[in-house]
Amino acid sequence: MVGFDTIATPVGLLIGIICGFVPLGIGIYYRHLRPGIMGFFACTVSGFACGFFGGIPMILLSTSVVVSYIYVNRQDPFTSRKSIDEVDFAETNTEFVLRQTAAFGRTLRAMSYGILRNKGGFIGFVGILFFLVLTTFGPLFIEYEGQPRMDRRVPGAMTLFQMPSSEHILGLDFQGRDVLSHIVYGGQTLIITAIETGLMATAIAVVFGSLAALLGGFVDQLLSALSNFILTIPQFPLLLVLASILDFDSHFMLAVLLAALSWPALMRAVRAQVLSLKARDYVEAAITLDLGMAHIILREVFPNMVSYIAINFIFAIRGAMYALVGLVILGMVPLREPDWGIMIWNARSRGAFYNPDAVMMALAPIMAIALFQLSLILFTRSLEEIFNPRLRSGL
Amino acid sequence: MSVASVPGRENSAPGTFSKRLKNLTSSYIFRVIIQGLITIWAVTTFTFVLVRLLPGNPVDIRIDQLQNQGYTYEEAVRQAAGLYSFDPDEPIFSQYLRYISNLARGDLGVSITSAGTPVAAQIMRFLPWTLISVGSALVISFSLGILIGAMMAYWRGGILDNVVTALASILSGIPDYVIAIVIILIGGLQLKLFNVGEMRGGVDPGVQGFTVEYVASVIKHAILPVTTYVLATVGTWILSMKSSTISTLGEDYIHVAKARGLPERRILIAYVGRNAMLPLVTRLAISIGFVLGGSVIVETFFEYPGLGLQLSRAVASRDYTTMQGIFLVISIAVIASNILSDLLIGWLDPRVSLEDK
């Protein structure tokens with residue numbers, strides 16, 4: 001992301017540890033040691049990985065989980081055992097914030113059980129985690145080899161290719177460089193660009209979809225026609241044609257372009273969903289009770305769409321990755337090592353498809369891409385359980 | 001009222017012609033076709049804008065290049081105009097009209113890199129290969145998917161169901177080029193099942209005429225791309241046929257058919273199978289459109305001489321007229337197949353066309 005560094009640094013570790021003291025301190029003070037320690041580790045790891053961008057959000061998340069263990073609602077007639085007449089429902093601002101934080105923490109806890117519940121989804125989650133850890137923490141242990149290493153030529157060998165050995169787990173590429181180091185360093189740009197695309201496409205789809213459904217009339221027709229138009233154009237050929245005219249130099253611009261092409265499918269679904277939700281009894285009841293637009297959108301409509309949106313977010317990431325790697329493999333994007341797609345392109349242009357010794361150079365990035373995509377697909381099974389309030393058991 | 005029903009006299013009675021017109025315009029078929037035509041027009045306009053008007057468009061770049069080579073601006077414009085076959089003195093709108101009318105006559109211009117070759121002729125040369133490989137892959141994977149998916153739904157919960165569901169979701173999650181590379185690396189290089197170099201191209205060089213040898217050679221060269229396409233798409237067909245069949249099995253009319261004591265086989269074929277296939281048939285119609293595009297990457301990897309390979313070559317060598325032509329043909333095929341699928345679902349499932357009104 002722009003100005004967002006996701007390689008683990010020692011400074012990040014320090015930030016993470018400092019952030020970790022917040023949930024740990026709260027946990028120790030209120031005698032809830034286990035969530036406190038878990039929060040400490042969560043903060044340390046995410047701070048280590050992303051610095052302030054990881055540490056500070058994680059303080060909020062882990063602290064609210066800790067608070068959810070500690071919090072006791074004094075107004076709740078069941079906990080205070082007062083008779084209903086004695087209960088005073090007025091609360092100060094602090095109490096309100098505490099209550100909301102605890103509720104948020106409980107939701108987070110329920111969500112984490114959602115990840116564990118589906119076996120396939122959990123495998124996918126572990127897979128995604130593996131790649132994130134690999135790209136953020138891998139650079140700490142493995143040095144990137146960008147220069148040709150002629151000295152590694154085995155006496156009598158025609159090329160620098162090598163099959164896996166104990167020294168180089170994934171073998172050497174056409175310039176004698178360690179394939180593993182390219183795998184570790186080469187995923188980051190790809191994954192981040194794909195996630196950016198997914199975020200943008202989802203945002204466009206949700207905004208346009210709800211606008212079309214809520215406003216109706218001319219806006220609806222215009223947006224629907226636009227989405228139909230983009231849906232019918234074959235995407236990959238279009239990207240190829242655009243690659244010859246536009247300059248795909250910046251990954252961010254590429255993400256914008258991919259997002260502009262991939263929102264329509266989700267937008268149509270969001271539109272249909274909002275249209276059908278608008279007519280549901282409980283939404284009409286909320287409108288009749290005049291609970292306010294914010295409440296209706298956030299509490300009544302949105303929770304019913306969020307699992308669907310999350311699943312489509314994952315699909316958008318997957319599609320973006322397919323297109324990105326595809327463009328790189330065909331040499332349509334300026335090549336900038338290290339990158340999994342460029343590894344494949346190199347493998348192809350350096351004859352790895354004809355040389356049995358070079359198999360690792362092509363197979364390693366291919367496997368990385370296939371496994372990452374598989375993990376994404378498997379993870380979508382959990383998303384339903386995580387985000388659907390009906391499936392999520394109230395803890 | 002009686003006047004209106006007499007044929008040939010619609011215009012005589014005021015209101016009936018406009019009523020008929022209204023009937024026509026509100027009919028499902030009419031709307032589907034008009035929408036498709038508008039999309040085709042939009043795509044052609046889009047390609048025109050892309051090549052002629054966008055900042056950094058190929059015509060301007062060409063003019064710049066020629067000027068750098070020492071031509072005056074006038075000469076450079078003439079040269080570029082000759083290359084892209086347009087008249088530089090004409091206003092841009094009438095250029096656009098000429099472009100559209102040329103397209104309507106099937107004239108896609110002349111290739112830039114291989115001078116003198118009409119783009120339409122080039123497309124006709126590469127089209128058959130893509131049709132053969134992707135077309136047969138589509139047929140194979142659709143039939144396999146329908147069969148296996150229906151079987152899985154019928155014996156759901158069994159070993160077949162569990163194993164194939166896992167396999168199919170893995171296959172549907174992997175991009176097609178990954179499968180292509182794995183086939184080349186594992187099948188060709190490690191197991192030595194075939195020689196990668198020999199499998200390039202559409203047919204063995206030197207084999208001429210429509211003989212048994214020729215057909216065998218075509219099949220041999222198509223096997224790898226076809227296998228890749230089938231593996232890449234069959235998972236999705238299986239899974240959607242399975243879920244569609246399962247939801248059909250729960251319908252009331254199936255229970256009624258069972259209660260009437262109809263034979264099991266008849267229920268499966270006439271009641272379950274036909275209804276479960278409905279959503280898949282429309283998707284098949286949509287996929288037909290994507291046949292022409294093939295898969296650019298897979299064709300490039302196997303060096304299979306289809307439209308996709310030609311498109312990627314045209315892009316790599318900046319052959320804009322060829323690129324434009326192929327892109328137009330692919331898009332129009334997709335749009336046409338969308339129209340087909342909409343008409344098909346309207347015909348197969350009358351509920352759709354009624355609901356839309």
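Residues numbered from 1 in each chain as written. Chains lettered and ligands numbered in written order. Predicted model: local features only at pLDDT ≥ 70, side-chain atom pairs only at ≥ 80, totals over all residues. Heavy atoms only, no water.

1. A few points about the nonpolar core
Using the following cut-off: Here the nonpolar core consists of buried residues drawn from Ala, Val, Leu, Ile, Met, Phe, Trp, Tyr and Cys, with membership extended through side-chain atoms lying within 4.5 Å. Partly exposed describes any residue whose relative accessible area lies between the buried limit of under 20% and the exposed limit of over 50%, with all areas from a 1.4 Å probe on protein chains only and scaled to the type maximum. The contact rule is simple, with two residues in contact once any of their heavy atoms fall within 4.5 Å.
Grouped together as the largest cluster of nonpolar side chains are 161 residues, with contacts concentrated most on Ile183(A), Leu240(A), Leu327(A), Trp340(A) and Phe301(B). Residues within four places of Ile183(A) in sequence aside, it is in contact with Leu134(A), Leu170(A), Trp340(A), Met343(A), Ala364(A), Pro365(A) and Ala368(A).

2. Points about the confidence of the model for chain B
Using the following cut-off: The quantity known as pLDDT measures the predictor's confidence residue by residue, on a range of 0 to 100.
Considering every residue of chain B, the mean pLDDT works out to 79; 88% of them sit at 70 or more. In the model output, the complex is listed with pTM 0.82 alongside ipTM 0.79.

3. Some points on the pattern of salt bridges
Side chains that differ in charge, positive against negative, can pair when their charged atoms come close. What counts here: Salt bridge, as used here: a side-chain nitrogen of Lys or Arg that lies within 4 Å of a carboxyl oxygen of Asp or Glu. Secondary structure is summarised from DSSP: a helix means a run of H or I of at least four residues, a strand means a run of E of at least two, and numbering begins at the N terminus for each.
Applying the stated criterion across every chain yields a total of two salt bridges over all chains. The partner of Arg271(A) in a salt bridge is Asp220(A), with the nearest N and O atoms 2.7 Å apart. On the criterion of sequence distance, the pair formed by Arg271(A) in helix H11 (residues 264-278) and Asp220(A) in helix H8 (residues 217-232) is long-range, its members being 51 residues apart. One salt bridge in this structure joins Lys242(B) and Asp161(B), with 3.3 Å as the shortest N-O distance.

4. Notes on the environment of Ser64(A)
Residue and element names in this part refer to chain A. Here is the rule: Side-chain atoms alone can form a polar contact between residues adjacent in sequence; in general such a contact is a pair of N or O atoms within 3.5 Å, and within protein one must be able to donate a hydrogen while the other accepts it.
Looking at the element boundaries, Ser64 is found in helix H3 (residues 52-70). Once you skip the residues sitting within four places of it in the chain, Ser64 turns out to touch Thr101, Ala102, Phe104, Gly105 and Leu108. Within the structure, the side chain of Ser64 is placed 3.0 Å from the backbone oxygen of Leu60, a separation counted as a polar contact.

5. Observations regarding H3(A)
So the rule is basically this: Helices are assigned an expected span. That span is 1.5 Å times one less than the residue count.
Spanning 19 residues, H3(A) covers 26 Å between terminal C-alpha atoms, matching the ideal 27 Å at 1.5 Å per step. Buried residues along H3(A) sit against helix H1 (10-29), helix H2 (33-50) and helix H5 (93-117) of chain A.

6. Description of the interface of chain A and chain B
For the record, the criterion: By convention, the term buried area covers the 1.4 Å-probe accessible surface removed from two parts as they join, with the contributions of both added.
At the interface, 40 residues of chain A touch 48 residues of chain B. Summed over both partners, the interface of chain A with chain B buries about 3700 Å², with 79% contributed by carbon and sulfur atoms. On the surface where chain A and chain B come into contact, there are zero salt bridges. Of all elements in the fold, only H8, helix H9 (235-245), helix H13 (293-329), helix H14 (340-349) and helix H15 (359-387) of chain A reach the threshold of two or more residues within the side of chain A that touches chain B. Ranked by residues supplied to the side of chain A that touches chain B, first place goes to H15(A) with eleven residues.

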